[in-house]
Each structure stands twice: as structure tokens, then as C-alpha cells.
Amino acid sequence: VYKRQLQYEISVDLLFEMEYEDILDIFARINSYTVTLNRLERINAKYLGYFKQYTFQYGQRYVGYFLRGKIMTKARVARMAEAELAADLFVALVGGIQTKKNLEQYFKEYEDEIGPLPDAARKFDEIMSYLSAIYAPEELAGTNWSRIHLFYTLFTSLAHMQFGLSGPDPSLRKRIPSSAVGKVRVRLDEISSKYDEVAAHMEDDAYPVEYKRFITWSRRGTTDTSTRILRTEFVCRKLVEVL
């Protein structure tokens, strides 16, 4: 049996000097014969249009930040996690903060029509540029903002402050000037640090109720519409206080 195994031919393709992002574009990323396809992989096989093109392009554009920021692992990227996150963020920019369950309807709606996607892409780049100025990915990795659901909230909070999103309270908007990067960073660090402190004392009345609520919204139904909006409003409220 061992000799027969040694005689079995295996084809191998070698990829030299290729960027990780380019490798993602080549591979189907999943062996569908041995691993059950996840939801986004099934959507990927079904749609070819504008929304898919934008979300996959932007997932690849920022996959380096997502990986270095510990928002996701290479194993998750192999299952299209970067495209799923990009799609989720595009939905927020185009249709407002909502449940992750609504992703497919946007792939369908913008299959043949480009709609507001170019403008959403411009906003996406601006938010990521500002976010990168606040946190280098390696610095983000050391905070609670690297948790994928809290990274979503960080992104939507900045998006609401800068452009306004459907869902959160419109009064919790105040554009953030580039000169305020330091103030924003300090406040975001405070929220991350306070999160850990309060999370360890959820039953202690001495700790602020607002943070306990934020932590609860970060633990239960994390991708539901209501909890996503409540988390975004909490962060926006904290940022408005320092601007």
C-alpha cells in the first residue's frame, strides 16, 4: 500500500512573489467537496454583479489591515471573511445599519444596477483612511475594537459622524476634523479599557450602567439591527463629548 501511495501523481502549482491579496483573487478559497459552504460562499456562487464586485474588491483592498489588526485570521479570510465584512459595511453605507441577515438582498438589488455604490466606495475609503490615522492595525489589535462586531461599530460610528447613516439618532453627528485624531484616539482607548474593567464587574452597582448596557449589546445579538444601532449611538455619544 505504501509503495502505491508513493507512485500516486499529485499536480502542484507554485506561485512565486505574489501578494497575499492576489493569491486570494486566484483561489476559490474553499474545497466544496470536503467543507460545507458558508452563507457568503453560497451568495458568491449565485451573484456576479456590481455589489459583489465592489465588496470583494474592497475586502481585498483592506484585507491587510483586517489581518494585522487581528480583526480576522487567515483561516477566516480563506472562507471569505474579508468580503463578508466589506459587504456588511457597504450595506450600512448604502441602506443604513441593519442585521447581517439582509446581506443577500443587496447583492440582488445591485446585481445589474450600480446605484449609490461609487459614492459608498468613496465614503468607505475616507472612513478607512481616518480609522487608519487613529489606529495603525497593530495598535488596533491590542484593543477591544479588534473584535469583529466592535470593529463594525467603530466603522459605523465614524461613518455616522462624518456622513450620517440611517438608523442612529441624527443628533449624534458631529464631523470629526483631522486635527481631532488625538482626542478621538484617547476616547476610543478609554472605551476599550473601560469595557474590560466593567465587564469584570457586571453585578457591581458602582460601575456605570451605560457601559454595562454597551457590553450587553456587544455580547447578545451582536449582528441584530437594534444592538448594532445602540452600540453605534453609544460610541457616537462618547465621541461628541470630546469634540
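Refer to the structure above for everything that follows.
Residues numbered from 1 in each chain as written. Predicted model: local features only at pLDDT ≥ 70, side-chain atom pairs only at ≥ 80, totals over all residues. Heavy atoms only, no water.

Student: Break down the nonpolar core for me, with residues and values.
Tutor: Ranked by internal contacts, the top residues of the largest apolar core, which has 71 residues, are W145, F151 and L188. Top contributing element to this core by residue count: helix α7 (residues 81–95), with 10 residues. (Core = buried A, V, L, I, M, F, W, Y, C linked by side-chain atoms within 4.5 Å. Buried < 20%, exposed > 50% of the residue type's maximum accessible area, 1.4 Å probe, protein only. Helix = DSSP H or I, 4+ residues; strand = E, 2+ residues; numbered from the N terminus.)

Student: Go over the packing of helix α9 (residues 117–134) against helix α12 (residues 181–199), please, and point to the residues and values.
Tutor: At their nearest, the axes of α9 and α12 sit 9 Å apart, and the two run at 75° to each other. The orientation of α9 with respect to α12, classified from their angle, is roughly perpendicular. Between α9 and α12, the residues in contact are Y130, A133 and I134 and V181, V184, R185 and L188, respectively. (Axes fitted to C-alpha atoms, helices over the stretch in contact; angles between N-to-C directions. Parallel < 35°, antiparallel > 145°, perpendicular 65-115°, else oblique. Contact = heavy atoms within 4.5 Å.)

Student: Outline the side chain of T232, supporting the account with residue identities and numerical values.
Tutor: Among the secondary structure elements, T232 is positioned in helix α14 (residues 225–242). Judged by relative accessible area, T232 falls into the buried class, the value being 0%. Setting aside chain neighbours within four positions, we find T232 in contact with I97, T153, T156, S157 and P168.

Student: Account for helix α11 (residues 148–162), with residues named and values stated.
Tutor: Think of an α-helix as turning once every 3.6 residues; residues three or four places apart then point the same way. Taking 1.5 Å of rise per residue, the 15 residues of α11 would be expected to cover 21 Å, and the 21 Å separating its terminal C-alpha atoms lies within 8% of that figure. Counted residue by residue, α11 has 14 buried out of 15 residues, so it is predominantly covered. One or two residues past the end of α11 sits G164, with phi positive at roughly 85°. (Expected span 1.5 Å × (residues − 1).)

Student: How would you sum up the packing of aromatic side chains? Please name residues and give values.
Tutor: The geometry of an aromatic ring pair comes down to the distance between the two centres and the angle between the two planes. Counted according to the given criterion, the structure contains 17 aromatic pairs. Ring geometry for Y58 against Y62: centres 6.2 Å apart, planes inclined by 45°, an arrangement best described as tilted. The rings of Y47, F51, Y54, Y58, Y62, F90, Y106, F107, Y110, F124 and F155 are connected pair by pair, giving a single aromatic cluster. Between the NZ or CZ atom of K52 and the centre of the ring of F56, over which it lies, the distance is 5.7 Å. (Phe/Tyr/Trp six-rings, centres within 6.5 Å; stacked < 30°, edge-to-face > 60°. Lys NZ or Arg CZ within 6 Å of the ring centre and 35° of its normal.)

Student: Please give an account of the side chain of S146 that cites residues and values.
Tutor: Along the chain, S146 turns up in the loop between α10 (137–140) and α11. Here T143 takes part through its backbone oxygen, which lies 2.9 Å from a polar atom of the side chain of S146. Residue contacts for S146: discarding those within four places in its chain leaves G69, K70, I71, L140 and A141. (Polar contact = N/O pair within 3.5 Å; in protein donor to acceptor, adjacent residues only side chain to side chain.)

Student: Which residues make up the environment of Y130, and what values go with them?
Tutor: Its place among the elements puts Y130 in helix α9. When the C-alpha positions of Y130 and F155 are compared, they lie 9.8 Å apart, and in sequence the two are 25 residues distant. Contact partners of Y130, with chain neighbours within four places excluded, come to I176, P177, S178, A180, V181 and V184. Of the polar contacts made by the side chain of Y130, one reaches the backbone oxygen of P177; its length is 3.0 Å.

Student: Describe the pattern of salt bridges, listing the residues and the values that go with them.
Tutor: Scanning the entire structure with this criterion turns up 15 salt bridges. Note that E126 and R175 form a salt bridge whose closest N and O atoms lie 3.8 Å from each other. Taken together, the residues E126 in helix α9 and R175 in the loop between α11 and α12 connect sequence positions 49 residues apart. Accessibility expressed as a relative area gives 32% for E126, which makes it partly exposed. What makes R175 partly exposed here is its relative accessible area of 49%. Through salt bridges that share partners, D119, R122, K123, E126 and R175 make up one connected network. (Salt bridge = Lys/Arg side-chain N within 4 Å of Asp/Glu carboxyl O.)

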